[in-house]
Amino acid sequence: KGPGVCRSGREDMALRCAASLAAGRQPRCPRLPRPAREGTVRWSSAAKASAVKINEKASREKILTLESMNPQVKAVEYAVRGPIVLKAGEIEKELRKGIKKPFTEVIKANIGDAHAMGQRPITFLRQVVALCTYPNLLDSPSFPEDAKKRARRILQGCGGNSLGSYSASQGINCIREDVASYIERRDGGVPADPDNIYLTTGASDGIATILKILVSGGGKSRTGVMIPIPQYPLYSAAISELDAIQVNYYLDEENCWALDVNELRRSLNEAKAYCNPKVLCIINPGNPTGQVQNRKCIEDVIHFAWEEKLFLLADEVYQDNVYSEGCQFHSFKKILYEMGPEYYNNVELASFHSTSKGYMGECGYRGGYMEVINLHPEIKGQLVKLLSVRLCPPVSGQAAMDIVVNPPIPGEESYSQFIKEKESVLNNLAKKAKLTEDMFNKVPGIHCNPLQGAMYAFPRIFIPSKAIEEAKAHKMAPDMFYCMKLLEETGICVVPGSGFGQREGSYHFRMTILPPVEKLKIVLEKVKDFHIKFLEKYA
């Protein structure tokens, strides 16, 4: 009958008809007979114009936009899965479509994902998790008794004897007991209390949770968090999300990325002018830098934290990954205890471990734990409350963590196979660490410090001024420009050093050493050839 009027006399029906027309659909009216299949309903041009106007009004502005979103989330950056990884994904799609490139595959050397790079799972760990997941297998003769024993113990700690039930927010009690026993064995008898153990969704979850409870204040009293540069981008991302203040201290590249307490003091004193520094983060062994801290360095750091009243976070997820001769992993907890009661009873320390690294490489299970000591009793309650909001960490990840801390022991059926697999992985990583260091240091314009531990190389690269100018023209950091060119010309995906932080005027990239030896050799040769051509092009 015309715009805004319907034979039914109902305004809402007119709006529906108009919207249908604007969307290109034939309107249905309860007061009109349905047209024949070949027939059409004819509307006047005025009716069509009205329909379009109504539809435009119906499409209102979005509530959530870049301008209205949480600014702290917008400030978060995570280089390990940043723009270069998105570009790698695009290139993979192009390869699948048959688009020709100078390479046949993208090699993602940007992240420490061992199994994605071909590392085989540890048999015993997978056996126990399989038994926990499908308990009918407990009757199968295909599984060893020591695996069945552990699976039964874990299942007894689960509600309804099922891995599918929620656990306590702090984690399954028997697994926390096993973590405490592991820490005592590792640290030569230093006592560990299961009540101080919190199972987490990987180490990252524990780190973010502790930072969340530590951050407070406003203006100059806002919490400052001291982090190493270069750092693992989880720290800068969490600090941004919490709107805390990032306080950088620089590792000494000329001295194999050593941590110098004088640098800590410089950083702290400067930060006091604009924030309240109260957290000191240490990554040992280092990521991305691979250094392993000696005992004297750890003692100095603990004394510094005690003297300046800083809460210590010790990220120790690479504690099994130590390769260089003369290097040894020392836990902060052990050294703290051995420094005497004045330190051990006062320094607040949170230490973190994970199933994702080491010899296990079980990233996908998201298993981890943190041990938190000297926490104020009232804060302990607040921490448990905060953890309870996310209910519990994945129970399958808790089971995987249990096998890391409670592996087969001499005399058990699975011990010989377990130790053979574990040593094979670690020996292989040690060979690849040395191979990577040696090959990089043969390339003009690349310098790589010894890879003492962890699973990455972080070589320093020379970028000519001509390339720096071109990077600026593309609005890119010079090392991002370099890494993007490397990806586009060779298919190798690495992470620019600017994503981890570095001294002004220096350039790096992080590359994992996880690919199989033969593939790693190919990767290193390709990087070498690319770098030489890059220098020639931009000389």
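To keep things clear, this report deals only with the structure shown in the data block. These numbers come from a predicted model, not from an experiment. (Residues numbered from 1 in each chain as written. Predicted model: local features only at pLDDT ≥ 70, side-chain atom pairs only at ≥ 80, totals over all residues. Heavy atoms only, no water.)

We now examine the overall build of the protein. Helix and strand content of the protein: 19 helices and 14 strands. Within the protein, the proportion of its 539 residues that are buried is 51%. In the protein, 70% of the contacts between residues at least 6 apart in sequence involve partners at least 24 apart. Just so you have it, the protein exposes about 25,900 Å², and 51% of that area is on carbon and sulfur atoms. (Helix = DSSP H or I, 4+ residues; strand = E, 2+ residues; numbered from the N terminus. Buried < 20%, exposed > 50% of the residue type's maximum accessible area, 1.4 Å probe, protein only. Contact = heavy atoms within 4.5 Å. Areas by Shrake-Rupley, 256 points an atom, 1.4 Å probe, with all protein chains shown as cover.)

Time to look at the nonpolar core. In this structure, Ile210 and Leu313 are the most contacted members of the largest nonpolar core, which totals 122 residues. For this core, the leading source of residues is helix H16 (residues 415-440), giving 8 residues. Residue contributions to this core reach at least three from each of two domains, namely domain 1 (71-106 + 423-538) and domain 2 (123-405). Setting aside residues no more than four positions away along its own chain, Ile210 makes contact with Phe311, Leu313, Ala350, Phe352, Met370, Val372 and Leu383. Formed by 34 residues, the second largest nonpolar core is a distinct cluster that contains Leu259, Leu310, Tyr344 and Phe500. (Core = buried A, V, L, I, M, F, W, Y, C linked by side-chain atoms within 4.5 Å. Domains from an automatic or database assignment.)

So, about the packing of aromatic side chains. Counted by the stated rule, this structure contains 14 aromatic pairs. Seen from their ring centres, Phe440 and Phe509 are 5.8 Å apart, and the 75 degrees between their planes marks the pair as edge-to-face. Taken as a pair, Phe440 in helix H16 and Phe509 in strand E14 (residues 509-512) lie far apart in primary sequence, 69 residues in all. Overall, Phe440 belongs to the buried group, its relative accessible area being 2%. Among the residues examined, Phe509 registers a relative accessible area of 0% and is labelled buried. Relative to Phe509, the ring of Tyr482 has its centre 6.2 Å away and its plane inclined at 15 degrees; by these criteria the two rings are stacked. (Phe/Tyr/Trp six-rings, centres within 6.5 Å; stacked < 30°, edge-to-face > 60°.)

Bringing the pattern of salt bridges into the picture now. If you walk through the whole model with that rule in mind, you get 27 salt bridges. Here Lys148 and Glu145 are joined by a salt bridge, their closest N and O atoms 3.6 Å apart. Separated by 3 residues within a single helix, Lys148 and Glu145 lie in helix H6 (residues 145-156), roughly one turn from each other. Taking the relative accessible area as the measure of exposure, Lys148 reaches 5% and is therefore buried. For Glu145, a relative accessible area of 47% gives the class partly exposed. (Salt bridge = Lys/Arg side-chain N within 4 Å of Asp/Glu carboxyl O.)

Here we come to unusual backbone geometry. Residue Pro230 is reached from Ile229 by a cis peptide bond, and omega for that bond is 5 degrees. Here Pro230 lies in the loop between strand E3 (223-229) and helix H9 (234-241). With phi around 55 degrees, Asn161 is a residue other than glycine that occupies positive phi space. Tracing the sequence through the fold places Asn161 in the loop between H6 and helix H7 (173-186). For Asn161, a relative accessible area of 47% puts it in the partly exposed group.

Turning to the sheet that holds strand E7 (residues 349-354), a few remarks are in order. With respect to topology, 7 strands assemble into an open sheet ordered E2-E8-E7-E6-E5-E3-E4, the strand pairing being mixed. The two strands at the open ends of the sheet, each matched to only one other strand, are strand E2 (197-201) and strand E4 (245-250). The mean angle between the axes of side-by-side strands here comes to 25 degrees, regardless of whether they run parallel or antiparallel. Direction of pairing for E2 relative to strand E8 (residues 367-373): antiparallel, over a ladder of 5 bridges. Looking across to E8, one finds that Leu199 is bridged to Tyr369. Along the sheet, helix H15 (residues 395-405) contacts E2, E7 and E8; its crossing angle with E8, the most-contacted strand, is approximately 70 degrees. (Pairing = 2+ DSSP bridges. Axes fitted to C-alpha atoms, helices over the stretch in contact; angles between N-to-C directions.)

A few words now on the pairing of E14. The side chains of a regular strand alternate, first on one face of the sheet and then on the other. Burial of the side chains of E14 extends over both faces: Phe509 and Met511 are buried on one face and Arg510 and Thr512 on the other. In this sheet, E14 lies alongside strand E10 (residues 456-457) in antiparallel orientation, the contact comprising 2 bridges. When the sheet's bridge partners are listed, Ala457 is paired in E14 with Met511. Of the strand pairs in this sheet, strand E13 (residues 495-496) and E14 are connected by 2 bridges, and their pairing is antiparallel.

Here helix H14 (residues 377-389) contains 13 residues, and its C-alpha end-to-end distance of 19 Å stays within 8% of the 18 Å for a straight helix at 1.5 Å per residue. Downstream of H14 by a residue or two, Leu391 has a phi angle that is positive, lying close to 65 degrees. (Expected span 1.5 Å × (residues − 1).)

With that settled, consider the packing of H16 against helix H19 (residues 517-538). The N-to-C vectors of H16 and H19 enclose an angle of 15 degrees; their axes lie 11 Å apart at closest approach. Relative to H19, the element H16 is oriented roughly parallel. The chirality of how H16 crosses H19 is right-handed. For the pair H16 and H19, contact is made by Asn428, Lys432, Leu435, Thr436, Met439 and Phe440 and by Val517, Leu520, Lys521, Leu524, Glu525 and Val527, respectively. Partitioned by chemical class, the residues of the contact of H16 with H19 number 7 nonpolar, 2 polar and 3 charged. (Parallel < 35°, antiparallel > 145°, perpendicular 65-115°, else oblique. Left-handed = near helix turned anticlockwise from the far one by under 90°. Nonpolar A, V, L, I, M, F, W, Y, C, P; charged D, E, K, R; others polar.)

Taking burial as the measure, the 7 residues of E3 include 7 buried ones, the bulk of the element. Burial along E3 is two-sided: Thr223, Val225, Ile227 and Ile229 and Gly224, Met226 and Pro228, pointing in opposite directions, are all buried. Relative to strand E5 (residues 276-283), E3 runs parallel, the two being bridged by 4 bridges. Paired with Val225 across the bridge in E5 is Val279. Pairing of E3 with E4 involves 6 bridges; the strand directions are parallel. Looking at E4, one finds that Gly224 is bridged to Ile245.

The residue Glu371 is located in strand E8 in this model. Classification of Glu371 by relative accessible area gives buried; the value is 2%. Looking at Glu371, its side chain comes within polar contact range of the side chain of Lys333, at 2.7 Å. Contacts of Glu371, omitting those with residues within four sequence positions, involve Ile183, Ala192, Asn196, Ile197, Lys333, Leu349, Ala350 and Ser351. (Polar contact = N/O pair within 3.5 Å; in protein donor to acceptor, adjacent residues only side chain to side chain.)

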